Amino acid sequence: MEQEVMNRVMEEVMRRLGGASSAAVPGSGLAGIGVTEFVGTAIGDTIGLVIANLEPRIVEKLGWDPRFRSVGIISDRVGAGPQIMAADEAVKATNTEVVLLELPRDTKGGAGHGCLILLGAEDVSDARRAVEVALKDLERTFGDVYADEAGHLEFQYTARASYACHKAFGLIVGAPAGIGVVMTDIALKSAEVEMLFYSTPTKGCTYTNEVVMGFTGDSGAVRQAVIAAREVGLKLLSAMGSKPSSVSGKPYI
Amino acid sequence: MEQEVMNRVMEEVMRRLGGASSAAVPGSGLAGIGVTEFVGTAIGDTIGLVIANLEPRIVEKLGWDPRFRSVGIISDRVGAGPQIMAADEAVKATNTEVVLLELPRDTKGGAGHGCLILLGAEDVSDARRAVEVALKDLERTFGDVYADEAGHLEFQYTARASYACHKAFGLIVGAPAGIGVVMTDIALKSAEVEMLFYSTPTKGCTYTNEVVMGFTGDSGAVRQAVIAAREVGLKLLSAMGSKPSSVSGKPYI
Amino acid sequence: MEQEVMNRVMEEVMRRLGGASSAAVPGSGLAGIGVTEFVGTAIGDTIGLVIANLEPRIVEKLGWDPRFRSVGIISDRVGAGPQIMAADEAVKATNTEVVLLELPRDTKGGAGHGCLILLGAEDVSDARRAVEVALKDLERTFGDVYADEAGHLEFQYTARASYACHKAFGLIVGAPAGIGVVMTDIALKSAEVEMLFYSTPTKGCTYTNEVVMGFTGDSGAVRQAVIAAREVGLKLLSAMGSKPSSVSGKPYI
């Protein structure tokens, strides 16, 4: 009985705390809540919204081409990489552009970022469709995000990112940051890949406890680099806490 | 019995975590603790302090007019808007000035700011009185702060803020930030109001997961804009988690 | 029985949350985990790592003298002062230099910093030894870190810091920041000491809710200033929450 009480309490605690692994609301929330702007919610405490005709004073303030009057909004508490990758899929699938991308320091007490992405469109149906595509893709892009109470690791791989010039793109994130240093070192040594960017807590990250590297190369090489880094990262994070598990439960790399 | 254990455990957990809604210590702490600088504590994990004659090397370092030798201190873990509004009341009621205002990234794992406000005075009794006024006012200014495990919303309204040029002043905060985008869009469309400032996570906020807008106008219009935004914000935040409730339990707008 | 369940649940909750006082893994983790880079873990959610020959593209990106090919890594979620003091001991004891020091906003939902320190060496055995020295020293340097659910206080004292020019060095940290203002005021008034640096949430800190002061002077004066500040700080933090306790349980000042 005690164990049962304990389990129920832990579930309740984790639900209230809304940590990455528990607050996930996979693909839910497409039902109406009486707000026309609402599109849905998804894993990573993500909400998807759409505004048909954003107030021109806000557009002017945030500073983008005013012909993008409609905006799709991807906003979340937990994660930036998964949402950015999902938004990239959405941009490729619809007639939209990323008009704003800001990364708060968040993850609800975790070591990483949250995310605010605005997708501009001339037509509201494009904006809405983009948000729907992104929300749906989050279950996939959270597949290789691993978290435990000590930190998190993230891996992304795509054979054709819009920002990677017709090459494959890989992303490695390690938190705490020291694990990121080791993982990125291993990735660069394990295959012929080229560094695109390298961020540390105060240079490139918004004071998160992360090292983040984006890189490119032939698809086989990028994949190999990601897998080599992941193997070591999971062992290191395990040494600090419990065994980290995939946030969505479905690794894809 | 199980339910009772569960309730007690949840209370204890929430107390230890000190979340916004639980760690509130409304108006308590005016009793002495054997430290002359101590004035009291209040909701939002706020502490009020006073220093009769602040060390000149600190005044010089922080850089304000040295005739303000006395300082009242409002320092908190949870919230910035409520403390700033309360400090504004205190400044209007006493012979003090805001000599320092800094917003850490805090809320104890939440999506927002904490706050450090120093109120300078030539006389220590003014500084102390200002802190007392501010602490007492916090229960009111937290009335339209709504929080749940997914985020928070804040609304402030005053017919006569010291910084709003004889007009009414309204403040809208939404976290996660995307909800703030929708709420501010609705506010600007729902009444004849003028934007004073608009902050996003990395522009104007200290990496919080918020969109913040201050605005002004006739008192009826400002009030109407706040109420329209609040109605939609509460629905959107509810869609991400449980129904958000007023932090102090006493909405005032 | 209820009490027993409650205690077990609280332990489990605190373990999962990995707060400063519970996630401490004092001196553990020196056993192998099958990763050559792993050195060990320690209190403050700290991991120690070593890379024999860091990828030159990372060295170039982070920008230090390439003759430091080996790096020791001290990376943690909770605390910066204790890790910096411990790294200073390590640098004095080995042939290494601090080549990178960055302070994320962290402490797992607490009010302070985490830390990423890279110690460069020409020889991997020096880098490894430095990490071992630092990890071992953390139990001492966490001795005068006091935390409760409302905030934390940190005090450091050394008769001979490498960066304090042959004088004694003292460090005072208060969170929330207002407590730091009072403590540093008291420290400067209580003994003949000289301010080295003074940091507030947005000036010198990475948006933490802290005031931090480093200072120097004769060893007796520095010690006296630290002790005077600690006495008041502990009372103030207690007024906001429960009685704060030493993170390692072994105060040294």
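Residues numbered from 1 in each chain as written. Chains lettered and ligands numbered in written order. Predicted model: local features only at pLDDT ≥ 70, side-chain atom pairs only at ≥ 80, totals over all residues. Heavy atoms only, no water.

## Points about the pairing of strand 2 (residues 46–51) of chain A
Here is the key point about a regular strand: its side chains alternate between the two faces of the sheet. All names here are of chain A. A large share of strand 2 lies buried, amounting to 6 of its 6 residues. One ladder, built from 4 bridges, connects strand 1 (residues 38–42) with strand 2; its direction is antiparallel. What sits directly across from A42, in strand 2, is T46. Taking the residues that link successive antiparallel strands as the turn, the strand 1-strand 2 hairpin has 3 residues, and the phi of G44 there is positive, at about 85 degrees. (Buried < 20%, exposed > 50% of the residue type's maximum accessible area, 1.4 Å probe, protein only. Helix = DSSP H or I, 4+ residues; strand = E, 2+ residues; numbered from the N terminus. Pairing = 2+ DSSP bridges.)

## Re the pairing of strand 7 (residues 151–158) of chain B
Residue and element names in this part refer to chain B. Counting buried residues along strand 7, 8 of its 8 residues qualify, which places the element largely inside the surrounding structure. Residues G151, L153, F155 and Y157 point to one face of strand 7 and H152, E154, Q156 and T158 to the other, with burial holding for every one of them. Pairing of strand 6 (residues 145–148) with strand 7 involves 4 bridges; the strand directions are antiparallel. Along strand 7, the bridge assignment pairs V145 with E154. The turn joining strand 6 and strand 7, which pair antiparallel and follow one another in sequence, is formed by 2 residues. Relative to strand 8 (residues 168–175), strand 7 is paired through 7 bridges, and the arrangement is antiparallel. Within strand 8, the residue paired with T158 across the bridge is F169.

## Points about helix 6 (residues 219–240) of chain C
Taking 1.5 Å of rise per residue, 22 residues should cover 32 Å, and helix 6 of chain C covers 32 Å from first to last C-alpha, within 8% of that figure. Within helix 6 of chain C, burial applies to C:A221, C:V222, C:A225, C:V226, C:A228, C:A229, C:R230, C:V232, C:G233, C:L236, C:L237 and C:M240. (Expected span 1.5 Å × (residues − 1).)

## Re the environment of A:A87
Residue and element names in this part refer to chain A. Summarising the element assignment, A87 is placed in helix 3 (residues 81–93). Between the C-alpha atoms of A87 and G44, which are 43 residues apart in sequence, the distance is 14 Å. Those residues in contact with A87 that sit more than four places away from it in its chain are I117, L119 and A134. (Contact = heavy atoms within 4.5 Å.)

## Some remarks on the packing of helix 3 of chain A against helix 4 (residues 124–141) of chain A
All names here are of chain A. It is the contact of helix 3 with helix 4, at a shortest axis distance of 8 Å, that shows an interaxial angle of 135 degrees. Our classification of the angle between helix 3 and helix 4 gives oblique. For the pair helix 3 and helix 4, the crossing hand works out as right-handed. Here helix 3 contributes P82, Q83, M85, A86, A87, E89 and A90 to the contact with helix 4, which in turn contributes A130, V133, A134, D137, L138, R140 and T141. The residue makeup of the contact of helix 3 with helix 4, split by class, is 9 nonpolar, 2 polar and 3 charged. (Axes fitted to C-alpha atoms, helices over the stretch in contact; angles between N-to-C directions. Parallel < 35°, antiparallel > 145°, perpendicular 65-115°, else oblique. Left-handed = near helix turned anticlockwise from the far one by under 90°. Nonpolar A, V, L, I, M, F, W, Y, C, P; charged D, E, K, R; others polar.)

## Notes on unusual backbone geometry
Put simply, A:A175 and A:P176 share a cis peptide bond, and its omega is 0 degrees. By secondary structure assignment, the location of A:P176 is in the loop between strand 8 (168–175) and helix 5 (177–190). You will see that B:D45, though not glycine, has its phi angle at about 50 degrees, which is positive. Examined against the element boundaries, B:D45 turns out to sit in the loop between strand 1 (38–42) and strand 2 (46–51). Note on B:D45: relative accessible area 5%, which makes it buried.

## Re the pattern of salt bridges
Following the criterion strictly, the structure yields 45 salt bridges over all chains and no others. In this structure, A:E132 and A:R129 form a salt bridge, with 3.7 Å as the shortest nitrogen-oxygen distance. One end of the pair, A:E132, and the other, A:R129, are both in helix 4, 3 residues apart, so they sit about a helical turn from each other. Judged by its relative accessible area of 31%, A:E132 is partly exposed. The residue C:K108 makes a salt bridge to C:D45 at a minimum N-O spacing of 2.7 Å. Placement of the pair is C:K108 in the loop between strand 4 (97–102) and strand 5 (115–121) and C:D45 in the loop between strand 1 (38–42) and strand 2 (46–51), with a sequence separation of 63 residues. This pair shows no difference in class: C:K108 is buried, exactly as C:D45 is. The network of salt bridges with common partners includes A:D65, A:R67 and A:E122. (Salt bridge = Lys/Arg side-chain N within 4 Å of Asp/Glu carboxyl O.)

## Comments concerning helix 5 (residues 177–190) of chain C
All names here are of chain C. Spanning 14 residues, helix 5 covers 20 Å between terminal C-alpha atoms, matching the ideal 20 Å at 1.5 Å per step. For helix 5, a buried count of 12 out of 14 residues is recorded, marking the element as mostly surrounded by other parts of the structure. Residues A177, G178, I179, G180, V181, V182, M183, T184, D185, I186, A187 and L188 constitute the buried set of helix 5.

## Quick word on the sheet that holds strand 6 of chain B
All names here are of chain B. Read across the sheet, 6 strands follow the order 9-10-8-7-6-11 without closing on themselves; strand pairing throughout is antiparallel. Edge positions in the sheet fall to strand 9 (194–199) and strand 11 (245–246), since each of these pairs with one other strand and no more. Direction of pairing for strand 9 relative to strand 10 (residues 211–217): antiparallel, over a ladder of 5 bridges. Note on strand 10: the bridge partner recorded for F197 is G214.

## Considerations on the sheet that holds strand 3 (residues 70–76) of chain C
The sheet built from 5 strands is open, its strands ordered 1-2-3-5-4 (chain C) with antiparallel pairing. If you trace the sheet from one side to the other, it starts and ends with strand 1 and strand 4 of chain C, each paired once. Adjacent strand axes in the sheet meet at a mean angle of 15 degrees, parallel and antiparallel pairs treated alike. Where helix 5 of chain A meets the sheet, its contacts fall on strand 2, strand 3 and strand 5 of chain C, and the angle it forms with strand 2 of chain C comes to roughly 25 degrees.

## Structural notes on the packing of helix 5 of chain C against helix 6 of chain C
Residues and elements named next belong to chain C. Two numbers describe how helix 5 lies on helix 6: the axes approach to 8 Å, and their chain directions differ by 155 degrees. By the angle between their axes, helix 5 is roughly antiparallel relative to helix 6. Crossing angle aside, the handedness with which helix 5 passes helix 6 is right-handed. Counted together, I179, V182, M183, I186, A187 and S190 of helix 5 and Q224, A225, A228, A229, V232, G233, L236, L237 and M240 of helix 6 form the full contact between these two elements. Looking at the contact of helix 5 with helix 6 residue by residue, the classes come out as 12 nonpolar, 3 polar and no charged.

## Looking at the packing of aromatic side chains
Across all of its chains, the model carries 6 aromatic pairs over all chains by this definition. With a centroid separation of 5.0 Å and an interplanar angle of 65 degrees, the aromatic rings of A:Y207 and C:Y207 are classed as edge-to-face. Placement of the pair is A:Y207 in the loop between strand 9 (194–199) and strand 10 (211–217) and C:Y207 in the loop between strand 9 (194–199) and strand 10 (211–217), with the two residues belonging to separate chains. According to the relative accessible area criterion, A:Y207 is buried, its value standing at 17%. An aromatic cluster is built from A:Y207, B:Y207 and C:Y207, whose rings are joined through pairwise contacts. Sitting above the plane of the C:Y252 ring, C:R140 keeps its charged end 5.1 Å from the centroid. (Phe/Tyr/Trp six-rings, centres within 6.5 Å; stacked < 30°, edge-to-face > 60°. Lys NZ or Arg CZ within 6 Å of the ring centre and 35° of its normal.)

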